[in-house]
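Structural description and commentary
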Amino acid sequence: MKKLKGLFFLISFFLGISAFGQSSSLLWKIEGKGMQKPSYLFGTFHLICKEDFSVSPVLEQAIGACKQFYGELNMDDPGLTMKLMSQAMLKGSTLSSLLPDGSFRECSQKFQQITGIPLSMFNSFKPFLSLSLLAEKSIPCNNPVQPETEMMNYAKNKQLTIHGLETVEEQMAVLDSEPLDSQ
């Protein structure tokens, strides 16, 4: 995440970014001295209602003009879920031990009301995992999609190579920089 923010800042500062299409666009065309071909940067949400997202003709054109697709992570990596799960495990602690006495049961009841899943299923995982599920349930629709995954699938259909700007380990290191008791 830090690399992505740094990359965006450097790109915007040194190369100058112009909107591709509209001035309020999420799609930015990146051109600069020494670049033979432009690149594109798309600002996105992690989750959005399916009816609120589509791959527009402008986005199709930009992806079609590329040779590679870079996401935050390489979402095409078949081992991604296993890497995420192993990195998300708490070591030497549990969610229930991080909460004051009696709070885990109360949190678990509320969590299950919202998600339909007992919090005890996440007891061995870092807090961000259960918080992510709560965040997903806050999306006001029954069919949320991940724009990055949708764009990656479009890029795969165009036979582009798929890459990630960061690794699971790098992203987890950022999350781990926040002490568990404050998470």
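Scoring rules and cut-offs
- Residues numbered from 1 in each chain as written.
- Predicted model: local features only at pLDDT ≥ 70, side-chain atom pairs only at ≥ 80, totals over all residues.
- Heavy atoms only, no water.
- Helix = DSSP H or I, 4+ residues; strand = E, 2+ residues; numbered from the N terminus.
- Buried < 20%, exposed > 50% of the residue type's maximum accessible area, 1.4 Å probe, protein only.
- Contact = heavy atoms within 4.5 Å.
- pLDDT = per-residue confidence, 0-100.
- Salt bridge = Lys/Arg side-chain N within 4 Å of Asp/Glu carboxyl O.
- Phe/Tyr/Trp six-rings, centres within 6.5 Å; stacked < 30°, edge-to-face > 60°.
- Axes fitted to C-alpha atoms, helices over the stretch in contact; angles between N-to-C directions.
- Parallel < 35°, antiparallel > 145°, perpendicular 65-115°, else oblique.
- Left-handed = near helix turned anticlockwise from the far one by under 90°.
- Nonpolar A, V, L, I, M, F, W, Y, C, P; charged D, E, K, R; others polar.
- Disulfide = S-S within 2.5 Å.

Counting through the fold element by element, leucine 90 comes out in the loop between helix 3 (80-88) and helix 4 (95-98). Here leucine 90 falls in the buried class, since its relative accessible area comes to 10%. As for leucine 90 and phenylalanine 122, which are separated by 32 residues in sequence, their C-alpha atoms are 9.8 Å apart. Once residues within four sequence positions are removed from consideration, leucine 90 is found in contact with Leu95, Leu98, Asn123, Ser124, Phe125, Lys126 and Leu180.

Do not read the fine detail of predicted coordinates wherever pLDDT is low. The pLDDT averaged across the protein chain works out to 80; a share of 84% of its residues lies at or above 70. Confidence, expressed as mean pLDDT per element, reaches its minimum in the protein chain at strand 1 (residues 17-19) with 37 and its maximum at helix 5 (residues 103-115) with 92.

What follows covers the pattern of salt bridges. The full count for this structure, using the stated rule, is three salt bridges. A salt bridge links lysine 156 to aspartate 76, with the shortest nitrogen-to-oxygen separation between them at 2.8 Å. Remark: aspartate 76 occurs in the loop between strand 5 (68-71) and helix 3 and lysine 156 occurs in helix 7 (residues 147-157); sequence separation between them is 80 residues. Residue lysine 156 is classed as partly exposed on the basis of its relative accessible area of 37%. A salt bridge links aspartate 77 to lysine 83; its shortest N-O distance comes to 2.6 Å.

The next thing to look at is the packing of aromatic side chains. Summed over all chains, the structure comprises one aromatic pair. With a centroid separation of 5.6 Å and 70° between ring planes, the pair formed by phenylalanine 111 and phenylalanine 122 is classed as edge-to-face. With phenylalanine 111 in helix 5 and phenylalanine 122 in the loop between helix 5 and helix 6 (127-137), the pair connects residues that are 11 residues apart, well separated along the chain. Residues phenylalanine 111 and phenylalanine 122 agree in their burial class; the two are buried.

Moving on to the packing of helix 3 against helix 8 (residues 168-176). Interaxial distance between helix 3 and helix 8 falls to 10 Å at its minimum, and their mutual angle equals 25°. If you check the angle between helix 3 and helix 8, you find them roughly parallel. Like other packed secondary-structure pairs, helix 3 and helix 8 cross with a definite hand, here right-handed. For the pair helix 3 and helix 8, contact is made by Leu80, Lys83, Leu84 and Gln87 and by Val168, Glu169 and Met172, respectively. Of the residues in the contact of helix 3 with helix 8, the class split is four nonpolar, one polar and two charged.

Disulfide: a covalent bond connecting the sulfur atoms of a pair of cysteines. As enumerated under the stated definition, the model contains one disulfide in all. In this model, cysteine 49 is linked to cysteine 141 through a disulfide, with the two sulfur atoms separated by 2.3 Å. Between cysteine 49 and cysteine 141, the S-S dihedral sits near -105°, and the bridge is therefore left-handed. Separated by 92 residues along the polypeptide, cysteine 49 in strand 4 (residues 48-49) and cysteine 141 in the loop between helix 6 and strand 6 (144-145) bring together distant segments of the chain. Residue cysteine 141 is classed as buried on the basis of its relative accessible area of 17%.

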